[in-house]
Amino acid sequence: MSMPEFDEYDKKIIQYLQEDSSISNIELSKKIGLAASSCLLRVKNLKEQKVIKQFTAVVDEKKLGFEITCFAKIAMAPLNRETSTKFIEEAMKIPEIIECYTITGEAAFLIKVVAKNFQYYRDFVFDKLLAVPHVSNIETSIVVGTDKRSNVIPMD
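Residues numbered from 1 in each chain as written. Predicted model: local features only at pLDDT ≥ 70, side-chain atom pairs only at ≥ 80, totals over all residues. Heavy atoms only, no water.

1. With respect to the nonpolar core
Logical step 1: Of all hydrophobic cores here, the largest spans 21 residues; its most connected members are I74, F87, Y121 and L129.
Logical step 2: Taken together, the elements giving at least two residues each to this core come down to β1 (68–76), α4 (81–93), β3 (109–115), α5 (118–129) and β4 (135–142). (Core = buried A, V, L, I, M, F, W, Y, C linked by side-chain atoms within 4.5 Å. Buried < 20%, exposed > 50% of the residue type's maximum accessible area, 1.4 Å probe, protein only. Helix = DSSP H or I, 4+ residues; strand = E, 2+ residues; numbered from the N terminus.)

2. A look at the side chain of S29
Logical step 1: With respect to the helices, strands and loops of the structure, S29 is situated in helix α2 (residues 25–32).
Logical step 2: A polar side-chain atom of S29 sits 2.7 Å from the main-chain carbonyl oxygen of I26.
Logical step 3: Among all residues touching S29, those that are not within four sequence positions of it are L34, A35, A36 and C39. (Polar contact = N/O pair within 3.5 Å; in protein donor to acceptor, adjacent residues only side chain to side chain. Contact = heavy atoms within 4.5 Å.)

3. Description of the pattern of salt bridges
Logical step 1: Enumeration over the complete set of coordinates arrives at 10 salt bridges.
Logical step 2: The partner of E61 in a salt bridge is R149, with the nearest N and O atoms 3.0 Å apart. In this pair, E61 sits in the loop between α3 (36–48) and β1 while R149 sits in the segment after β4, placing the two residues 88 residues apart along the sequence.
Logical step 3: Put simply, D7, D10 and R42 are held in one network by salt bridges that share partners. (Salt bridge = Lys/Arg side-chain N within 4 Å of Asp/Glu carboxyl O.)

4. Focus on the packing of helix α1 (residues 8–19) against α2
Logical step 1: Two numbers describe how α1 lies on α2: the axes approach to 10 Å, and their chain directions differ by 130°. One way to sum up the angle between α1 and α2 is to call them oblique. By crossing handedness, the relation of α1 to α2 is classed as right-handed. Residues Y9, K12, I13, Y16 and L17 of α1 lie in contact with α2, whose contacting residues are L28, K31 and I32.
Logical step 2: Considered class by class, the residues forming the contact of α1 with α2 number 6 nonpolar, no polar and 2 charged. (Axes fitted to C-alpha atoms, helices over the stretch in contact; angles between N-to-C directions. Parallel < 35°, antiparallel > 145°, perpendicular 65-115°, else oblique. Left-handed = near helix turned anticlockwise from the far one by under 90°. Nonpolar A, V, L, I, M, F, W, Y, C, P; charged D, E, K, R; others polar.)

In structure tokens form, the structure reads like this:
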């Protein structure tokens, strides 16, 4: 799959929309120096090319009652395509899992989990994670501070 070519206008559009996806088309067009209709067409093309996947709001999980953020490495036994596919299917159904990655190393998956408190996370592990067939080990790291968090991909 070839990489799409981006000119300076496309790069600016992507950068500004990553910083604030609620920016109006008129405001965006003024910032990048294009007519509003041209700007809108470029955004539409970036969406059609799947460069822009979606527009969303970033929320503060703590203000929604989720005090704990964890990263957990999940090992599977046996580890094969079938057990991996089943884990991914189940992870998609569990709302506390907000990110799931297939990784290399001893663990098969790395998940990011939000929990209301430690008891909630404990119950989550026993009631949801260990309920998934073939999960053989869970190694959890609890976030004690967030030093950088960004969804912005560099455009340089």
